[in-house]
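Structure assessment
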Amino acid sequence: MPAEYALSNVWIGIGIVFILFVIFYGVGYMASRKTTSDADFYAAGFSIGPVTNGLGMAATWASLATFLGVIALILKLQVPFVYLWIQWAISIPLLTLLYGTSLRRMKAFTPATFIRQRYGKPSTIVIVCWMILIMIMYALGQMIGLGRAFELLFGVPYNTAIIVAGVATVGFITIGGMYGATYNAAFQMVVMTIAMIVPMGAIMKIMGSSGWWFPPLAYGDMVPDMLKNIPTFFDMKYDYRWYFALIPAFTLGPIALPHLAMKVFTSSSVKSARWAVVWFALFLGLLFSGTYVVGFAGNYFTATTGRIIEKADQTLLILNVFYNPTLVAAFVMGGAVAAGLSTIGGNLMAIAGLVGSDLLGIIAPDMETSKKMKWGYAALLMGGAAAILMAFSPPKFLVTSILWAFGLLATTATPAILLGVWWKEANKLALIVTSLFCGFLFILISPHVIPSICVGSGLVAALGMSGGMVTIPLSFAMFIILSIVFNRMSMFKAFAPTLADKKVIDRIHGWGTDYEETRYNGITWPLIISAVCIAIFFWGLQPWS
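Model, not experiment: these values are computed from the prediction.

1. Structural notes on the overall build of the protein chain
Along the protein chain, the regular secondary structure elements total 25 helices and 0 strands. Projected onto the principal axes, the alpha-carbon positions of the protein chain cover approximately 70 × 55 × 40 Å. Put simply, the protein chain has 545 residues, and 60% of those count as buried. Partitioning the intrachain contacts of the protein chain with sequence separation of at least 6 by distance along the chain shows that 84% fall at a separation of at least 24. Accessible area for the protein chain stands at about 20,200 Å²; split by element, carbon and sulfur atoms hold 70% of it.

Here it is as structure tokens:
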């Protein structure tokens, strides 16, 4: 970053980050004293209230990308990116409505807990492996971002920054478990929101906005000037398929993210989980609106000052260094660090739950709870260590766009969860075949592995949008059709849903012991859904511009 955009006093930035980490470790230590069982470690004792949980959900969802990569994309895509961001924002409410509160009734630790009860052990291993891969991708991206942030703050080489950031981060997350991760995430969301919105008020005032006192609405009277300088800023630059592709790639994927679902499961009740979504929408809406303001201001800054932002992901820091005092700019960087920490905490807790609860529940079902918790702690530490080590020289496959990882998750896990919750005919073998085939197909047709075999081109392919338009509808259609076929073939009788499997569905929907065979058991609507999905599949195969 050019010297004119650097912090004038790096010690101020170091001091702010140090204070934040002292608070995080304090919260983690206090939380560790409450962690006495696996329910405490993985789900905070199912006791978190709606406001705290709403803050925690928003923080876990926001991630370091909110302060870096997302703003860079707004700088590049301008207004069309707003539609992409909206798709992400609605994923948590959909997660809660479609299966979150249902699985809360069974006191699941992760979505894979439900997969194990509904589909059995082999299916769980497949889904857990996909989820762990995606959590590692997610955590690795955050760890790299934290390393770069610490590199900038501390003025040390990247490798040293990775060690400092990684060890400090994994330490307080391991100490606190889910209690610590949740309470820290709630605090981190407050820090993030203040760091994103308040300093932008001062910046927008200097830029000439009369609505500077509330930055999310600050740029309305600046629109005429923006159109003079960038006439295409508000243009819808892509065809209809570009916007439609956001649904399978960026809404259905996050629905299955285990670290987000785990936040719903920590709620003190089903009612609390639903209210947490209301608070989530409010808190995340404020933060996202602040992100839009930064993207708008970044474009306005480059257009009116003639200055170039060479590294678009540093736009927020550059604007604050340019317009605000050093203390404010340092606090903004602290907010970015908090964003990365909250998401890594969720990622590592998800890995701990997937390994310590779900995999060990298969491999060693009779193991004592205390030993499973120890394995959970070990998995959390190993996940953090793996992210740190890979961040030194990250494998290209694992640092593709995190948005691409959402497409992979929507392809491999979302159909299994949604159809498993809402349809008694969902077949175990159909899940395994569909998840493996469509998952590897998504990887194959992306530009990140074999560039010569690719659906779409440029941004739509790199972000996973064009690939998701093919494999996600194919995954739903395959799963439905294969389930219907396999359930009616005697040679696959062992994979058909049992009466116990079907009773799980009625129970998680609140019917208790009132079982009814025909409930959630029809094939008409699933066949209609599969027909629509097949049509979307062929639409996605058409050449992309």
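2. Remarks on the side chain of Ser-446
Note on placement: Ser-446 falls in the loop between α21 (428-444) and α22 (458-462). When its relative accessible area of 3% is taken as the criterion, Ser-446 is described as buried. A polar side-chain atom of Ser-446 sits 2.9 Å from the main-chain carbonyl oxygen of Ile-443. Apart from residues lying up to four places away in sequence, Ser-446 is in contact with Trp-404, Ile-453 and Cys-454.

3. Some words on helix α23 (residues 465-486)
The terminal C-alpha atoms of α23, which comprises 22 residues, lie 31 Å apart, in line with the 32 Å expected from a rise of 1.5 Å per residue. In terms of burial, α23 is largely enclosed, as 20 of its 22 residues are buried.

4. Section: the nonpolar core
The biggest cluster of nonpolar side chains holds 181 residues, and the ones touching the most others in it are Tyr-99 and Met-207. Looking at this core element by element, the count peaks at 23 residues for helix α9 (residues 158-207). Discounting chain neighbours no more than four positions away, the residues touching Tyr-99 are Leu-94, Pro-111, Ile-255, Ala-256, Ala-261, Phe-265, Ile-417, Leu-418 and Val-421.

5. A few points about the environment of Ser-466
Within the element layout of this structure, Ser-466 appears in helix α23. Each C-alpha atom of the pair Ser-466 and Gly-456 lies 5.4 Å from the other, and the pair is 10 residues apart in sequence.

6. Details of the layout of surface pockets
Approximately 610 Å³ is the volume attributed to the second largest pocket. Lining the second largest pocket are 24 residues, and of these Leu-418, Leu-419, Phe-476, Ile-529 and Cys-533 lie nearest its centre. Among the elements of the structure, α6 (91-105), α12 (246-250), α13 (252-255), α20 (414-422), α23 and α25 (524-541) are those that each provide at least two residues to the lining of the second largest pocket. The leading source of residues in the lining of the second largest pocket is α25, at 7 residues. Per-class residue counts for the lining of the second largest pocket are 21 nonpolar, 3 polar and no charged.

7. Side note on the packing of aromatic side chains
Under the counting rule described, the total for this entry stands at 15 aromatic pairs. An aromatic cluster of three or more residues is present, and its members are Phe-21, Phe-24 and Phe-187. When the ring centre of Trp-212 is taken as origin, the NZ or CZ atom of Lys-205, which lies over that ring, is 4.5 Å away. We note Arg-241 situated over the ring of Trp-544; from NZ or CZ to the ring centre the distance is 4.2 Å.

8. Section: a nonpolar patch on the surface
A contiguous nonpolar surface patch, about 600 Å² in accessible area, is contributed by Ile-481, Val-485, Met-489, Met-491, Ile-534, Phe-538 and Leu-541. Elements supplying a minimum of two residues to the nonpolar patch: α23 and α25. Ranked by residues supplied to the nonpolar patch, first place goes to α25 with 3 residues.

9. With respect to the pattern of salt bridges
On inspection of all chains with the given rule, the structure shows 7 salt bridges. A salt bridge links Asp-501 to Lys-428, with the nearest nitrogen and oxygen atoms 3.0 Å apart. Placement of the pair is Asp-501 in helix α24 (residues 499-508) and Lys-428 in helix α21, with a sequence separation of 73 residues. As far as burial versus exposure is concerned, Asp-501 and Lys-428 are alike and both buried. A single network of salt bridges, built from pairs that share partners, joins Lys-424, Asp-506, Asp-514, Glu-516 and Arg-519.

10. Here's the deal with α6
Its 15 residues give α6 an end-to-end C-alpha distance of 20 Å, which sits within 8% of 21 Å, the value for a rise of 1.5 Å per residue. Approximately 50 degrees is the largest bend angle found in α6, and it occurs at Tyr-99. Regarding α6, the residues found buried are Ser-91, Ile-92, Leu-95, Thr-96, Tyr-99, Gly-100, Thr-101, Ser-102, Leu-103 and Arg-104. Two residues or fewer past α6, Lys-107 is found with a positive phi of approximately 55 degrees.

11. Points about unusual backbone geometry
Although it is not a glycine, Tyr-520 sits at a positive phi angle of roughly 60 degrees. Residue placement: Tyr-520 occurs in the loop between α24 and α25.

12. Describing the packing of helix α7 (residues 111-119) against α20
In contact at an axis separation of 10 Å, α7 and α20 are set at 55 degrees when each is read in the N-to-C sense. By the angle between their directions, the pair α7 and α20 is classed as oblique. Helix-helix and strand crossings are classified by hand; for α7 and α20 the assignment is left-handed. Contacts from Pro-111, Phe-114, Ile-115, Arg-118 and Tyr-119 in α7 reach Ala-416, Ile-417, Leu-419, Gly-420 and Val-421 in α20. When the residues that make up the contact of α7 with α20 are grouped by side-chain class, the tally is 8 nonpolar, 1 polar and 1 charged.

Cut-offs used in this document
- Residues numbered from 1 in each chain as written.
- Predicted model: local features only at pLDDT ≥ 70, side-chain atom pairs only at ≥ 80, totals over all residues.
- Heavy atoms only, no water.
- Helix = DSSP H or I, 4+ residues; strand = E, 2+ residues; numbered from the N terminus.
- Buried < 20%, exposed > 50% of the residue type's maximum accessible area, 1.4 Å probe, protein only.
- Contact = heavy atoms within 4.5 Å.
- Areas by Shrake-Rupley, 256 points an atom, 1.4 Å probe, with all protein chains shown as cover.
- Polar contact = N/O pair within 3.5 Å; in protein donor to acceptor, adjacent residues only side chain to side chain.
- Expected span 1.5 Å × (residues − 1).
- Core = buried A, V, L, I, M, F, W, Y, C linked by side-chain atoms within 4.5 Å.
- 1 Å grid on protein atoms, 1.4 Å probe; cavity = no way out; pocket = protein on both sides within 12 Å on 5 of 7 lines; lining within 4 Å.
- Points joined across faces, edges and corners; volume = space filled by probe spheres on them.
- Nonpolar A, V, L, I, M, F, W, Y, C, P; charged D, E, K, R; others polar.
- Phe/Tyr/Trp six-rings, centres within 6.5 Å; stacked < 30°, edge-to-face > 60°.
- Lys NZ or Arg CZ within 6 Å of the ring centre and 35° of its normal.
- Patch = residues over 30% accessible without salt bridge, like charges linked within 9 Å, V, L, I, M, F, W, Y side chains within 5 Å.
- Salt bridge = Lys/Arg side-chain N within 4 Å of Asp/Glu carboxyl O.
- Bend = angle between axes of the 7 residues up to and from the residue.
- Axes fitted to C-alpha atoms, helices over the stretch in contact; angles between N-to-C directions.
- Parallel < 35°, antiparallel > 145°, perpendicular 65-115°, else oblique.
- Left-handed = near helix turned anticlockwise from the far one by under 90°.

Read these as layout, nothing more, since geometry by itself doesn't imply function.
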